[in-house]
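# Remarks on the overall topology
If you want the building blocks of each chain, they are given just below.
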Amino acid sequence: MDARNMRRNPYVLDDLRPGLGTGLVVVLWRWRTEIVLFALAAAAVVVMAGAAGKGLWWAPIALAGSVSVPATLPAGRKWIARHFWCLFSRHRLQRVCLETSMHTRKGRIPLVLWITPTDLGERAFILLRAGICAEDFEAFAGEIAAACYATAVQVERHPRRAQFVTVEILRRGVVLGAGTWGDGTPDAGQPVEKLAG
């Protein structure tokens, strides 16, 4: 086992001091997408209620059509599903950082600056705090994959800036455990062009 990949929290005295609350700015940053979506939904409801009050019944029908049509098309469902997994993975990455030693003594976790869908899963661009490095993410790759319900995770340090790391969360097009049974397939967790089956 790697010395960095300790399954316990190395901050032994952390349980003895009172817990530090998360600031409002941090909470707003972590839930920014959900807050914006909720605000847009609330604004749409207010506008539709106002339009219906004025007798403009075509406005709610137009809104319902603009929301439901993308959900009925395969490309729309794919877009919605991939962006859902981005939101899910962002929150799971934050939880892994809190549950493992990938946080500062004050409980600050790395910032997930953005996360975007890819052909194989999601790609997260993360700003590391002092005391956390790319090697920590590599050591906890198994925990990250399990938390994000992924098959594998690849971690890449920024070529010029050590405080940035890219985490590839691989869900699709990855053979898990291949090559372990002597069948000649790629090594575990290696992306493949097309799965046989």
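The notes below deal with the structure included here. (Residues numbered from 1 in each chain as written. Predicted model: local features only at pLDDT ≥ 70, side-chain atom pairs only at ≥ 80, totals over all residues. Heavy atoms only, no water.)

### Let's talk about helix H4 (residues 74–99)
- Between its first and last C-alpha atoms H4 spans 37 Å; for 26 residues at 1.5 Å apiece the expected length is 38 Å, and the two agree.
- Taken residue by residue, H4 has Gly76, Arg82, Cys86, Leu87, Ser89, Arg90, His91, Leu93, Gln94, Val96 and Cys97 as its buried positions. (Helix = DSSP H or I, 4+ residues; strand = E, 2+ residues; numbered from the N terminus. Expected span 1.5 Å × (residues − 1). Buried < 20%, exposed > 50% of the residue type's maximum accessible area, 1.4 Å probe, protein only.)

### A few points about helix H2 (residues 32–53)
- Taking 1.5 Å of rise per residue, 22 residues should cover 32 Å, and H2 covers 31 Å from first to last C-alpha, within 8% of that figure.
- Gly55 occupies a position one or two residues after H2 and carries a positive phi of about 85°.

### Quick look at the side chain of Gln94
- One can find Gln94 in helix H4.
- Given a relative accessible area of 7%, Gln94 falls into the buried group.
- Setting aside anything within four residues of it in sequence, one finds Gln94 in contact with Arg30, Ile109 and Val112. (Contact = heavy atoms within 4.5 Å.)

### Looking at the sheet that holds strand S1 (residues 111–117)
- Across the sheet, which stays open at both edges, the four strands sit in the order S1-S2-S4-S3 with antiparallel pairing between neighbours. Of all strands in the sheet, those with a lone pairing partner are S1 and strand S3 (152–157), marking the two edges. On average, adjacent strands in this sheet sit at an angle of 20° to one another, irrespective of strand direction.
- Pairing of strand S2 (residues 121–127) with strand S4 (residues 164–170), which is carried by seven bridges, proceeds in the antiparallel orientation. By the bridge assignment, Ile126 is partnered in S4 with Val165.
- On top of the sheet, H4 reaches S1, S2 and S4; it is set at about 155° to S1, its chief contact. (Pairing = 2+ DSSP bridges. Axes fitted to C-alpha atoms, helices over the stretch in contact; angles between N-to-C directions.)

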